[in-house]
Amino acid sequence: MLVTLTTTHLPATDLGFLLHRNPARAQRVEVSTGTAHVFYPEATDQRCTVALLLEVDPVGLVRTARAGGTEGAALAQYVNDRPYAAFSLLAVALGKVFASARRGVSRERPELVDVALPLEVHVPALSCRGGAEMAHRFFAPLGWRVEATAVPLDEAVPGWGDSRVVDLRLTGELRLADALNQLYVALPVLDDAKHHWIGTDEVEKLLRAGSGWLAAHPDRELITRRYLKHRTALTRRAIERLAEVDDAEALDDATAPPVTAAGGPTDADAAADAAADDAR
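Residues numbered from 1 in each chain as written. Predicted model: local features only at pLDDT ≥ 70, side-chain atom pairs only at ≥ 80, totals over all residues. Heavy atoms only, no water.

1. Points about the overall build of the protein chain
- For the protein chain, the count of helices and strands is twelve helices and seven strands.
- By residue count, 47% of the 280 residues in the protein chain fall in the buried class. (Helix = DSSP H or I, 4+ residues; strand = E, 2+ residues; numbered from the N terminus. Buried < 20%, exposed > 50% of the residue type's maximum accessible area, 1.4 Å probe, protein only.)

Below is the structure:
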């Protein structure tokens, strides 16, 4: 699973300070589902790209999955796109690797935390139930220019049609923290599935990640329902919380946990989220 994020902000290598990841060396971070690799394919003053590559053990996924109970389900555990197409596994890795950036914290470049930067996000293989249209519905209202192309099931057999995987490219000017939090929510939402059990803590995690943008999204109910795996009680609770405010700015004041001086969730909240994600 791969996602890249590029900026042409000058100097572009400031991206490394915002992400707390040094462009001069590749880094590895162990997560519960595999190994996340962070590296910079390009890092100049004019253009800087960071890549997050998640290596997943497909056998490990099968061992931790619940048995399906039928021969077809058992086969599907081994023959599927789960180790390759981006979905909630990549969201967990992104949440852990870029935890400080998601909170909007940068000791070296604090003046850039609240600046809208020119950004380009590329997810070459994104699991997306609803195809390119669903990707547009999620990202376009947030200010992104969206290019989403369906990936065929088999290029050699066009009659089979398209798969549920899309090649997604986003361009826009946003705060880095907003871009990362939107991706964190979008990956499981567009896949319309999560690889782990959903509890009440997921409501708070959604509201934190969606602070400043989810309440105003025209598809906020669909996003909430999918993020919470269609759990009726949890979805109702989250939508009620979102409905308590009239706009995204009010949502930030009404639902965010205690904040640091930088204005994001506290370190304790972020640590708890990361630990809960990584445990799954």
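2. Here we look at the pattern of salt bridges
- Inspection of every chain in the model, using the stated rule, returns twelve salt bridges.
- Here arginine 164 makes a salt bridge to aspartate 191, at a shortest N to O gap of 3.1 Å. With arginine 164 in strand β7 (residues 162-174) and aspartate 191 in helix α7 (residues 176-191), this residue pair connects regions lying 27 residues apart in the sequence.
- Between lysine 205 and glutamate 202 there is a salt bridge; the shortest N-O distance is 3.1 Å. Separated by three residues within a single helix, lysine 205 and glutamate 202 lie in helix α8 (residues 201-209), roughly one turn from each other.
- Overall, the relative accessible area of 2% leaves lysine 205 in the buried class.
- Classification of glutamate 202 by relative accessible area gives buried; the value is 0%. (Salt bridge = Lys/Arg side-chain N within 4 Å of Asp/Glu carboxyl O.)

3. Here we look at the sheet that holds strand β2 (residues 27-31)
- Reading across the sheet, the seven strands line up as β2-β3-β4-β1-β5-β7-β6 and stay open at both edges, with antiparallel pairing between neighbours. Edge positions in the sheet fall to β2 and β6 (145-152), since each has one partner strand and no second. If you compare each strand with its neighbour and ignore which way they point, the axes differ by 15 degrees on average.
- Where strand β5 (residues 117-127) lies against β7, nine bridges are found, and the strand directions are antiparallel. Among the inter-strand pairings, leucine 117 is bridged to a residue of β7, identified as leucine 174. (Pairing = 2+ DSSP bridges. Axes fitted to C-alpha atoms, helices over the stretch in contact; angles between N-to-C directions.)

4. Thoughts on the environment of histidine 136
- Mapped onto the secondary structure, histidine 136 falls in helix α6 (residues 131-139).
- Remark: the alpha-carbon pair of histidine 136 and leucine 170, spanning 34 residues in sequence, is separated by 9.8 Å.
- Among residues more than four places away in sequence, those in contact with histidine 136 are Pro141, Val146 and Ala148. (Contact = heavy atoms within 4.5 Å.)

5. Some remarks on the packing of aromatic side chains
- If you walk through the whole model with that rule in mind, you get two aromatic pairs.
- One aromatic cluster is present, formed by Phe138, Phe139 and Trp213 through successive ring pairs.
- A cation over an aromatic ring shows up here: arginine 102 above the ring of tyrosine 184, its NZ or CZ 3.9 Å from the ring centre.
- Just above the ring of phenylalanine 17 sits the side chain of arginine 109; from NZ or CZ to the centre is 4.1 Å. (Phe/Tyr/Trp six-rings, centres within 6.5 Å; stacked < 30°, edge-to-face > 60°. Lys NZ or Arg CZ within 6 Å of the ring centre and 35° of its normal.)

6. Describing unusual backbone geometry
- Note the cis peptide between leucine 10 and proline 11, where omega equals -10 degrees.
- Structurally, proline 11 can be placed in the loop between β1 (2-7) and α1 (14-19).
- Even without glycine at this site, lysine 229 takes up a positive phi of about 55 degrees.
- Turning to its location among the elements, lysine 229 is positioned in the loop between α9 (220-227) and α10 (232-243).
- For lysine 229, a relative accessible area of 35% gives the class partly exposed.
- In this model, histidine 230 sits at a positive phi of 60 degrees, which is unusual for a non-glycine residue.
- Checked against the element boundaries, histidine 230 lands in the loop between α9 and α10.
- Of the residues examined, histidine 230 reaches a relative accessible area of 40% and is grouped as partly exposed.

7. Some remarks on the nonpolar core
- Core analysis: the largest hydrophobic core is formed by 72 residues, its most contacted members being Phe98, Phe138, Phe139, Trp144 and Val185.
- With ten residues, α7 is the single largest residue contributor to this core.
- Other than its neighbours up to four places away in sequence, valine 185 contacts Phe138, Leu206, Ala209, Trp213, Ile223 and Tyr227. (Core = buried A, V, L, I, M, F, W, Y, C linked by side-chain atoms within 4.5 Å.)

8. Structural notes on the pairing of β7
- Where β6 lies against β7, seven bridges are found, and the strand directions are antiparallel. Across the sheet, valine 146 pairs through a bridge with leucine 170, a residue of β7.

9. Comments concerning the packing of helix α4 (residues 88-97) against α7
- Packing of α4 against α7 brings their axes to within 7 Å, and their N-to-C directions diverge by 155 degrees. Overall, the two elements α4 and α7 adopt an arrangement that is roughly antiparallel. The hand of the α4/α7 crossing is left-handed. Here Ser88, Leu90, Ala91, Leu94 and Gly95 of α4 come into contact with α7, specifically with Leu180, Leu183, Tyr184, Leu187 and Pro188. (Parallel < 35°, antiparallel > 145°, perpendicular 65-115°, else oblique. Left-handed = near helix turned anticlockwise from the far one by under 90°.)

On their own, these measurements won't tell you what the molecule is for.
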